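Secondary and tertiary structure notes
Listed below, chain by chain, are the residues.
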Amino acid sequence: MDLIKTLDYRLVSSLKHSLLDANYGEYALLLAVILSSSYVYNRGNPFEHLFFQQPQAVNGARSSASAATRNIGEKARENEAKIIILWGSQSGTAESLAHRLARDAQQRLRAATIACDLADYDPATLADVAESVIVVFIVSTYGEGDPSHNAIELVSHVTTLRTSPFSHLRYVAFGCGNSNYRYFNKAIDDIASSMDRCGAHCLVPTGKGDEASRSTQEDFLEWKEGFFSHLVSEYGMQDHKAEYQPTVSIIKEELTSTDSENMDNKSLPRKQQSIQIPIVSRDIVATYEGQDRSCIDLKLDLSKHSQIKYRTGDHIAIWPSNPLEEVDRLLGVLGLESQKPDGLRITVKDDMDELKVPSSTTIQALVSQHLDICAPVPRETVLALARLTSSAIVRTELESIGRDRETYARFLDHHHLNLGRLLELMNSHDPSNSWTQLPLAFVIDFIPAMQPRLYSIATSSTVDPRRVGIVVSVKPTSVLMNPKALICGVTSTYLSTADLSDISIETSLVRAEIRRSSFKLPVNLSIPVIMVAAGTGIAPFRAFIQERARLASIGHKVGPMTLFSGSQNRSDSLYHDELSALAATNGDKTLPLKFITAFSRPRESDGNLTKKTYVQDQVRVHSREVVDHLVDNDGAIYICGATTMAKAVGDVILEVLMQRNSWSKEAADKWRQNKRKTASWHEDVWS
Ligand SMILES: Cc1cc2nc3c(=O)[nH]c(=O)nc-3n(C[C@H](O)[C@H](O)[C@H](O)COP(=O)(O)O)c2cc1C
């Protein structure tokens, strides 16, 4: 390694001279990179904890945590923390809010604060936290009101406590959720009510972020300010209007070629460890007439990673790269374009927090792969930029759009703004303005880390153990009041445009990780299976059918399978020919598969199915058979697709059952709950 140049890298000292009015740092976040795919939590599986093991817990790889304590109280003592934030997060929202709160509490209130991943601690040790420490919970909700995977142990511990071990504790709580789901923010409610029941004292009302109204950032901001005001008024803390202080140090270093090949993987944060795999095929499997939309089928090759195995029903997490256009835009406006290949060594300034990007990387890789530079800019970032700019015109403009929640929401109705676009837009107000003095540390501090997107695997591990198939919907959305301005999904754009020409070169490899799921076929092959899908929700069912078809072909007796598949019409009915062909073999009874389609926008050419039909309508038409399988033959049902569809399908089944068995609504609900408990009712849904 060549000489290491320690740069001021546009650190605060230079800022003091060039940037006016720098205040305390605030931390930007994503408006949710949403894993629209797959979450299923079913308590029936005794190996649940293994399926959901976090990367750091696998193979004893608890890395930093292995030497560290798992006692929450001890961790607080070790760090002399005044505030301890415990976060439970699956797709990064609650996690980044926790880090942001920790840094704000440190910088604004000068209160020693640590943010802790709940997976790293034993929940029973919560009672060991000293009286002087304030406990903060930031936890997201999934599935049927369940907590994120890393908070399951905590929730199960506090909700079952029958004593009052927390009477000495003061706490606050904020939940991340989505009001389109039946159990809105239930996990945080469960935690808060259990803390209250166990004697803890709640300092401010529990905050709830609602992704349905895209207001999580604002909800958090409001809650955080309330919490800080309480600490100021009741605990005598001072809210320092500090200038922006970077939380990371950046050293520029020259790289050897070997360094540049390996550095990202070696120095990735422990929770982002992944493998690099090639895409070996990409096919368009559905098109939509008159719409700028398609679905693509991709095959990823695991053959170079013999240690990596997947099981039918698992998910694959894929980390995208940002579109080149956006990378160039941001680097251009920051004046860093010519320094793209430069190597960087990045470290956190205090040991209390974890680095969210690789410790060794290049400017290009940092911006294209490790930061979600396409995420919309939260209002807090707008206001932080207003304090950093030296242009009075730009400052006034930023302050005006970020004035309050409503004004900024109205502004966003007309613009899709990521950081690069916002900075460019501001330059258009004052062409003499320049952002080249904005520290790179600010970009790391204020842009959320890139989060992977989860896809259900559409191939069977029995049939294709070294190939992972996925189906990706490429569907741009548009800005509310500006329909011509399209917003493209980062991962779908990346996967639909990734260069497949030479799979031996690094740039055509995809960063991925297999994630265990409990969306699994019953172990007993003869159990009847009902599958209901809409759109790309068909992915895991294709894998299920492939699996049972293979087992049937080698002589196993498999139970009846009924697949309901919803699409707009025949042309976007995914894997239609393949599934029809498999269903046609029903004649020889080897694979008793029924394939039933529902077209919501049928065309003349779709034969006699010209009436607008949804999957729930088809479930109703075939309800006798569905209910017979589920009730009389102890069958299992799997629903995959939109929340609204899953709810409608559930309602139809319960309604039919109530009529058939003369059950009350309560009895039908209880039956469904029991089905869930015994792993016979699975939902894998997104809003
Ligand atoms: C598959 C899935 C299921 C979800 N289920 C719920 C739910 O039952 N209740 C709720 O309030 N929010 C639900 N959400 C919304 C998440 O809680 C929300 O996206 C949150 O911001 C995620 O936080 P995280 O990124 O920290 O995990 C669900 C989201 C997904 C993708």
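An account of the accompanying structure is given in this report. A quick note: this is a predicted structure, and the numbers were derived from the prediction, not measured. (Residues numbered from 1 in each chain as written. Predicted model: local features only at pLDDT ≥ 70, side-chain atom pairs only at ≥ 80, totals over all residues. Heavy atoms only, no water.)

Turning next to the site of the ligand. Near the ligand there are 23 residues, and of these Ser-89, Ser-91, Thr-141, Tyr-142 and Glu-211 occur at the shortest range. Cys-176 places a main-chain nitrogen or oxygen 3.2 Å from an oxygen atom of the ligand. Within the complex, the protein chains bury 99% of what would otherwise be the 650 Å² of accessible surface of the ligand. Those elements that provide at least two residues to the shell around the ligand are helix 5 (93–109), strand 4 (134–142) and strand 6 (170–177). No other element matches strand 4, which puts three residues into the shell around the ligand. (Near = heavy atom within 4 Å. Polar contact = N/O pair within 3.5 Å; in protein donor to acceptor, adjacent residues only side chain to side chain. Areas by Shrake-Rupley, 256 points an atom, 1.4 Å probe, with all protein chains shown as cover. Helix = DSSP H or I, 4+ residues; strand = E, 2+ residues; numbered from the N terminus.)

Taken together, the five strands give an open sheet; going across it, the order is 22-21-20-23-24, and neighbouring strands pair in parallel fashion. Of all the strands in the sheet, the pair left with one neighbour each is strand 22 (593–599) and strand 24 (681–686). Looking at each pair of strands side by side, their axes are set apart by 10 degrees on average, direction ignored. Here strand 21 (residues 561–567) runs beside strand 22; their pairing, made up of seven bridges, is parallel. Residue pairing across strands places Thr-562 opposite Lys-594, the latter belonging to strand 22. (Pairing = 2+ DSSP bridges. Axes fitted to C-alpha atoms, helices over the stretch in contact; angles between N-to-C directions.)

One open sheet holds the six strands; their spatial order is 15-12-19-10-11-16, and the pairing between them is antiparallel. Every other strand in the sheet has two partners, leaving strand 15 (453–456) and strand 16 (467–474) as the edge strands with one partner each. With strand direction ignored, the average angle separating the axes of adjacent strands in the sheet is 40 degrees. Across four bridges, strand 10 (residues 275–287) lies against strand 19 (residues 509–515) in antiparallel orientation.

The next subject is the side chain of Gln-90. Among the secondary structure elements, Gln-90 is positioned in the loop between strand 2 (83–88) and helix 5. Within the structure, Gln-90 has its side chain in polar contact with the backbone nitrogen of His-149 (distance 2.7 Å).

What follows is about the packing of helix 13 (residues 392–401) against helix 15 (residues 419–429). The geometry of helix 13 relative to helix 15 is characterised by a closest axis approach of 9 Å and an angle of 125 degrees between their N-to-C directions. The orientation of helix 13 relative to helix 15 falls into the category oblique. Helix 13 and helix 15 meet at a crossing whose hand is right-handed. Of helix 15, the residues touching helix 13 (which contributes Ile-393, Val-394, Glu-397, Leu-398 and Ile-401) are Leu-422, Met-426 and His-429. The residue inventory of the contact of helix 13 with helix 15, partitioned by class, reads six nonpolar, one polar and one charged. (Parallel < 35°, antiparallel > 145°, perpendicular 65-115°, else oblique. Left-handed = near helix turned anticlockwise from the far one by under 90°. Contact = heavy atoms within 4.5 Å. Nonpolar A, V, L, I, M, F, W, Y, C, P; charged D, E, K, R; others polar.)

Once that is clear, we can look at a negative patch on the surface. On the surface, Glu-74, Glu-78, Asp-122, Asp-128 and Glu-153 cluster together into a patch of negative charge. Of note, Asp-122 is situated in the loop between strand 3 (113–117) and strand 4. For Asp-122, a relative accessible area of 32% gives the class partly exposed. (Patch = residues over 30% accessible without salt bridge, like charges linked within 9 Å, V, L, I, M, F, W, Y side chains within 5 Å. Salt bridge = Lys/Arg side-chain N within 4 Å of Asp/Glu carboxyl O. Lys, Arg positive; Asp, Glu negative; His and termini not counted. Charge placed at Lys NZ, Arg CZ, Asp CG, Glu CD. Buried < 20%, exposed > 50% of the residue type's maximum accessible area, 1.4 Å probe, protein only.)

Direction vectors running N to C along helix 5 and helix 8 (residues 216–235) enclose 35 degrees, while the axes themselves pass 12 Å from each other. When you trace helix 5 past helix 8, the crossing you get is right-handed. Every residue of helix 8 that contacts helix 5 at Thr-93, Leu-97, Arg-100, Leu-101, Asp-104, Ala-105, Arg-108 and Leu-109 is listed here: Thr-216, Gln-217, Phe-220, Trp-223, Lys-224, Glu-225, Phe-227, Phe-228, Leu-231 and Val-232.

Our focus in this paragraph is the packing of aromatic side chains. Inspection of the entire model under this criterion finds 17 aromatic pairs. Site record: aromatic cluster; members linked through ring pairs are Phe-174, Phe-220, Trp-223, Phe-227 and Phe-228. The aromatic ring of Tyr-575 is capped on one face by Arg-542, whose charged end is 4.0 Å from the ring centroid. (Phe/Tyr/Trp six-rings, centres within 6.5 Å; stacked < 30°, edge-to-face > 60°. Lys NZ or Arg CZ within 6 Å of the ring centre and 35° of its normal.)

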